[in-house]
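Working through the structure, step by step
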Amino acid sequence: MTTETIDWIACAGADRSGAGPAGAGVIGGVLTAQSRRDRYGLSAASHAAQAPVEAITTDIGWRCLDARRYPFLAPTGAHMKATSDIALILKAASFAAHKHRDQRRRDAEATPYINHPIALASLLADEAGITDAEVLAAALLHDTIEDTLTTADELRAAFGERITSIVEEVTDDKSLPKAERKRLQEVHAPHASREAKLVKLADKTCNLRDLATTPPPDWDLARRRKYFDWAQRVVAGLRGTHAGLEALFDRAADGRP
Ligand code: ZN
């Protein structure tokens, strides 16, 4: 049975009735009532009716932790801490890939959306030498609240406070008109935390690289130039954070059409 099949079965069971699919207990292994309560903060009365909770004992279990669809599965205790930096980064990559799974970038080839957060994390780690695993995880997760149904509470449960607050800092308020959101990015940039500034610098750099090499087919020259100029203004408020990263941004900005 593939991982995807297991995931599908586990989630389908939670979706269907809350009674749990046949075999869910086998998927995740059997936990005692007490250990379930300890790990997930479930009440004795509630966990009995929620067999799919077994599924979240596996490392794919968070896939079912969509707070809007399966609020009863959300853990209430401390976040499930990854066992190593590599595990954390892979967990973030996997979480983001799942959340963005139906989205595409706006380039002509409609590149899978997940390529973008991966490009940010890779730029930070490989080109700028950033080694803070929580910053790299935040880069992978940076668009999950803004562009998917992911909530801050869901991120907090899975990744903890520091990563969540970095993601929140780089998240636009989508209830505002686009022009206002863009203006606020310029206003807020100088006041962001160092960690959020790193992620923002990487985001703007990757976006300029994409815009220079694989622009959306419906963006004319004026619109592309306007985006480059706006990105320059936002980054003006981020300077003094990381010289290497800022140099990478400047190189990308040289690609202004
Ligand atoms: Zn982005």
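Remember, it's a predicted structure, so these values are computed and weren't measured experimentally.

1. Re the packing of aromatic side chains
Under the criterion given, the structure shown has 3 aromatic pairs. With 5.9 Å between their ring centres and 55° between their planes, Trp 219 and Tyr 227 make a pair best called tilted. The two residues Trp 219 and Tyr 227 agree in class, both being buried. Ring geometry for Tyr 227 and Trp 230: centres 5.3 Å apart, planes at 65°, overall edge-to-face. Linking Tyr 227 with Trp 230, this pair stays in helix 13 (residues 221-236), spanning 3 residues, or about one helical turn. Taking the relative accessible area as the measure of exposure, Tyr 227 reaches 13% and is therefore buried. Here the aromatic residues Trp 219, Tyr 227 and Trp 230 are joined through ring pairs into a cluster of three or more.

2. As for the side chain of Lys 204
Summarising the element assignment, Lys 204 is placed in helix 12 (residues 194-213). Of the polar contacts made by the side chain of Lys 204, one reaches the side chain of Gln 185; its length is 3.0 Å. Excluding its chain neighbours within four sequence positions, the residues that come into contact with Lys 204 are Gln 185, Tyr 227, Trp 230, Ala 231, Val 234, Val 235 and Phe 249.

3. Structural notes on the coordination of the zinc ion
Every protein donor of the zinc ion is listed here as His 116 (NE2), His 142 (NE2), Asp 143 (OD) and Asp 203 (OD), and their distances to the metal cover 2.1 to 2.6 Å. Between the 4 donor atoms coordinating the zinc ion, the angles at the centre fall across 77 to 174°, so the site counts as irregular. When the donor residues of the zinc ion are listed from N- to C-terminus, their spacing reads H-x25-H-D-x59-D. You can call His 142 buried: its relative accessible area is 1%. Exposure remark for Asp 143: the relative accessible area of 5% places this residue in the buried category.

Conventions we followed
Residues numbered from 1 in each chain as written. Predicted model: local features only at pLDDT ≥ 70, side-chain atom pairs only at ≥ 80, totals over all residues. Heavy atoms only, no water. Phe/Tyr/Trp six-rings, centres within 6.5 Å; stacked < 30°, edge-to-face > 60°. Buried < 20%, exposed > 50% of the residue type's maximum accessible area, 1.4 Å probe, protein only. Helix = DSSP H or I, 4+ residues; strand = E, 2+ residues; numbered from the N terminus. Polar contact = N/O pair within 3.5 Å; in protein donor to acceptor, adjacent residues only side chain to side chain. Contact = heavy atoms within 4.5 Å. Donors = N, O, S within 2.8 Å, 3.2 Å for Na, K, Ca; no water. Tetrahedral: all angles 85-135°; square planar, octahedral: opposite > 155°, others 65-115°.

None of this, on its own, says anything about what the molecule does.
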